[in-house]
Amino acid sequence: MLSSFHIIAACCCTLLLLLCLWKETRRTNRTHRTWRILAVTVAVISLACLALPLKYYKSRTLQERALLLTDGVDAASLARLKAANGYTSIMWLDRKHAPVPGFITADPAVRVIHDLQTFTEANPVGTDIHITGYGPAASAWTSGPQLKSATYIPVEAPEGFTGCDWPRTIRASQLLSIEGVYSNPSRAGTTIRLHASGKVVDSLQQVDSSSIPFRFRYMLPGTGPAVLELTATRSSGTILEKIPVMVLPAEPLRVLMLAASPDFETKFLSAWLSDQVYPLTVRSTISPGKYITRSLNSRAVTVNQLSAAFLSNMDLVIAGDLALAQLTPAESGLLRNQVSEGLGLLVQTDSNRALSSFAAPFDFRSLGQSARFPEIAGQTEPMPAAAAYSISPSTGQRRVITSKSATAAASRLEGRGRVVLTTLTDTYTWMLEGRKSAYASLWSRLIDEAARPAKNDRQWSSNEAFPIAGAPVGISFMDNGDSIPRVRTSNGNIYPARDAVDPARWWATWWPVSEGWNDLVAADTCAVYVFGKKDWMAAGYTRDMEASLFYATGKVQDGSPGRTETTAYPVPPWIFCLLLFVSLGYLWIEARKNGD
């Protein structure tokens with residue numbers, strides 16, 4: 001800013017310039033008037049510039065690069081990055097507070113930090129940031145805007161179970177389905193096993209594959225909390241992960257069976273459903289328009305004509321394709337409307353073409369001989385299934401019971417309900433052969449796929465798929481009361497906050513301290529399994545890598561512009577002194593020449 005002296009000097013120079021110009025215009029000798037006016041102007045302006053603090057500004061680009069190392073980096077990749085890029089700072093993010101690798105502690109250029117705040121404070125905005133390894137925690141990318149300008153250099157996926165999904169809560173007699181992917185960068189022979197109660201209940205062996213997808217199914221006995229184990233065995237050792245499941249008491253489905261005529265398949269299936277305590281109604285056709293109705297585990301009813309009220313009380317309809325074709329147009333329309341509202345429909349057929357409109361969307365092909373379907377055997381040997389036809393699922397359809405060469409059951413959505421078609425029609429022979437476990441596994445799988453979705457009677461939810469002891473977990477639950485509910489936990493009480501949008505929902509943050517099953521008690525009880533810090537590490541690292549790839553670029557950009565810095569420099573005074581002396585010299589010479 002200009003001081004008082006600078007302002008006075010500027011005003012004096014302005015008055016001096018005006019006076020000199022006035023005298024030049026009044027001068028009698030008009031020779032070289034223009035040059036004299038120019039010289040006077042330059043002289044006065046130069047004098048003013050000597051008194052004023054004039055500066056000029058210059059910008060320069062600072063090529064500052066910072067490297068953030070995370071888990072997954074090895075010594076070779078670090079040496080390669082240091083040789084290719086001139087990093088001004090290198091830091092190791094020890095977010096799990098685990099022992100720091102030896103090649104990090106041995107490198108004096110690498111500084112160990114425990115949080116991203118330290119890293120961002122050490123590197124000003126504009127620094128070219130590179131991040132390598134598995135990346136920071138997925139939540140860190142949304143905690144501050146500075147990280148979003150970083151460049152992510154990915155590494156090879158970690159070895160282990162990088163993805164796995166299973167229902168945390170199931171009903172008794174339901175099949176537990178576990179699906180996931182095992183990352184095998186070394187391509188070593190690997191055997192994946194599912195253990196329950198200390199025994200191997202299913203396994204998969206794969207050789208020379210970098211990514212191994214797997215799918216296991218198992219029916220848990222009894223009810224209550226259970227923990228299964230998933231292991232991957234290879235030459236270098238065994239990786240073990242835990243699969244916690246809460247088995248709730250069975251909630252029997254209300255089932256309606258429609259048969260074109262009394263047969264063994266209907267007889268054995270209705271007996272098995274009755275043994276499973278399913279409320280069951282069986283309607284068999286004995287002649288056109290005449291039926292026999294049996295009620296098992298439910299109030300006796302006569303069903304000569306299907307009605308909307310009756311179908312709305314059912315969860316599943318099991319029917320032969322021929323029995324569906326024999327329905328009246330009114331009954332067929334009612335059944336289709338109820339399926340679109342959520343009612344499940346399981347259709348059996350032994351024909352080479354669709355007989356009813358419900359089976360029409362499925363395509364059939366002849367097998368020529370019986371196929372073997374490993375899935376329906378549960379956890380035992382594959383079963384020969386008497387299926388003369390295979391289904392060729394099209395777009396929008398999902399295979400349910402399959403082998404390498406055939407599909408014995410497929411499903412499709414219709415509104416909010418699901419239609420499942422199966423070509424297995426002689427499964428009663430398995431019961432005659434004493435293969436009860438295979439029979440139960442098959443029909444449990446088909447019923448789970450087709451039945452009306454059960455209402456969720458537990459209103460608890462969490463923001464963490466793998467809650468970890470010592471880390472915060474966001475929980476929410478439903479409570480219509482006016483007072484603030486109290487949630488009792490194993491390490492004290494927590495008091496939630498009401499949701500701003502839904503007044504019936506409450507939110508809280510819970511810090512579990514003990515691994516294993518923990519009970520959260522409010523209006524009802526919710527059992528939550530808390531994992532250890534080393535559980536499912538490969539899955540966590542994979543999630544972090546995906547977040548890093550999403551928020552940052554995936555490749556180092558050469559020639560990064562870096563950070564721009566602008567500096568002010570004073571104008572050298574000798575320039576104005578030179579101009580002043582040249583102008584005054586010209587005026588003196590011109591005056592002597594003209595005799596002034």
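Bear in mind that the values here come from a model prediction, so they are computed numbers and not experimental data.

> Run through the overall build of the protein chain, naming residues and quoting values.
The helix and strand inventory of the protein chain stands at 13 helices and 35 strands. Counting over 596 residues, the protein chain shows a buried share of 44%. Across the protein chain, every contact between residues at least 6 apart in sequence was considered, and the portion connecting residues at least 24 apart equals 63%. In the structure as shown, the protein chain presents an accessible area of about 31,000 Å², 56% of it carried by carbon and sulfur atoms.

> Before we move on, can you summarise the sheet that holds strand β12 (residues 211-219) with the specific residues and values?
Across a sheet, paired strands are connected by hydrogen bonds in the backbone, their directions being either parallel or antiparallel. Reading across from one edge, β7-β9-β12 is the order of the three strands in this open sheet, with antiparallel pairing throughout. Where the open sheet ends on each side, the last strands, each with one partner, are β7 (160-165) and β12. Adjacent strand axes in the sheet meet at a mean angle of 25°, parallel and antiparallel pairs treated alike. Here nine bridges tie strand β9 (residues 175-183) to β12, and the two strands are oriented antiparallel to one another.

> Which residues make up helix α11 (residues 436-450), and what are the values?
The terminal C-alpha atoms of α11, which comprises 15 residues, lie 21 Å apart, in line with the 21 Å expected from a rise of 1.5 Å per residue. What α11 keeps buried is the set A438, Y439, A440, S441, L442, W443, S444, R445, L446, I447, E449 and A450.

> Hey, could you go over the side chain of T349 for me, with residue numbers and the actual values?
Of note, T349 is situated in the loop between β19 (344-348) and β20 (364-366). In contact with T349, other than residues within four places in its own chain, are D321, F364, L421, T422, T423 and T425.

> Give a detailed account of the packing of aromatic side chains, specifying residues and quantitative values.
A full pass over the atoms with the stated rule returns 15 aromatic pairs. Both rings, one in W517 and one in Y529, keep their centres 5.5 Å apart while their planes meet at 75°; by these two values the pair is edge-to-face. Within this pair, whereas W517 is found in strand β33 (residues 516-521), its partner Y529 is found in strand β34 (residues 525-530), the two being separated by 12 residues in sequence. Judged by relative accessible area, W517 falls into the partly exposed class, the value being 28%. Seen in terms of ring centroids, Y529 and F531 are 5.0 Å apart; in terms of plane orientation they differ by 70°. Their pairing is edge-to-face.

> Outline the confidence of the model for the protein chain, supporting the account with residue identities and numerical values.
Residues of the protein chain with pLDDT of at least 70 account for 90%, and the chain-wide mean is 81. Taken as a whole, residues 555-562 scores under 50 in pLDDT and shows 19 contacts with residues more than four places along the chain or in a different chain.

> Got a sec to walk through the sheet that holds strand β3 (residues 89-93)? Specific residues and values, please.
The strand order across the open sheet built from five strands is β4-β3-β2-β5-β6, with neighbouring strands paired in parallel fashion. Of all the strands in the sheet, just β4 (110-113) and β6 (151-153) have a single pairing partner and so form its edges. Across the sheet, the mean angle separating the axes of adjacent strands is 25° when strand polarity is ignored. Across four bridges, β3 lies against β4 in parallel orientation. Paired with I90 across the strands is V110, a residue of β4. Here helix α3 (residues 75-84) sits on the sheet and contacts β2 (65-69), β3, β4, β5 (128-132) and β6; the angle it forms with β2, its principal contact strand, is near 175°.

> Residue-level account of unusual backbone geometry, with values.
Of note in this structure, S197 is not a glycine but carries a positive phi near 55°. As for its placement among the helices and strands, S197 is situated in the loop between β10 (190-196) and β11 (199-206). A positive phi angle, close to 60°, is found at N297, a residue other than glycine. Tracing the chain through its elements places N297 in the loop between β17 (290-296) and α7 (308-312). For N297, a relative accessible area of 41% puts it in the partly exposed group.

> For the packing of helix α1 (residues 4-26) against helix α2 (residues 33-51), give the residues involved together with the corresponding values.
Look at α1 against α2: their axes get within 9 Å of each other, and the N-to-C directions meet at 170°. Taken as axis vectors, α1 and α2 run roughly antiparallel relative to one another. Two secondary-structure elements touch here, α1 through F5, H6, A9, C13, L16, L17, C20, L21, E24 and T25 and α2 through R33, R36, I37, V40, T41, V44, L47, A48 and A51. Its residues placed into classes, the contact of α1 with α2 shows 13 nonpolar, three polar and three charged.

Procedures and definitions
- Residues numbered from 1 in each chain as written.
- Predicted model: local features only at pLDDT ≥ 70, side-chain atom pairs only at ≥ 80, totals over all residues.
- Heavy atoms only, no water.
- Helix = DSSP H or I, 4+ residues; strand = E, 2+ residues; numbered from the N terminus.
- Buried < 20%, exposed > 50% of the residue type's maximum accessible area, 1.4 Å probe, protein only.
- Contact = heavy atoms within 4.5 Å.
- Areas by Shrake-Rupley, 256 points an atom, 1.4 Å probe, with all protein chains shown as cover.
- Pairing = 2+ DSSP bridges.
- Axes fitted to C-alpha atoms, helices over the stretch in contact; angles between N-to-C directions.
- Expected span 1.5 Å × (residues − 1).
- Phe/Tyr/Trp six-rings, centres within 6.5 Å; stacked < 30°, edge-to-face > 60°.
- pLDDT = per-residue confidence, 0-100.
- Parallel < 35°, antiparallel > 145°, perpendicular 65-115°, else oblique.
- Nonpolar A, V, L, I, M, F, W, Y, C, P; charged D, E, K, R; others polar.

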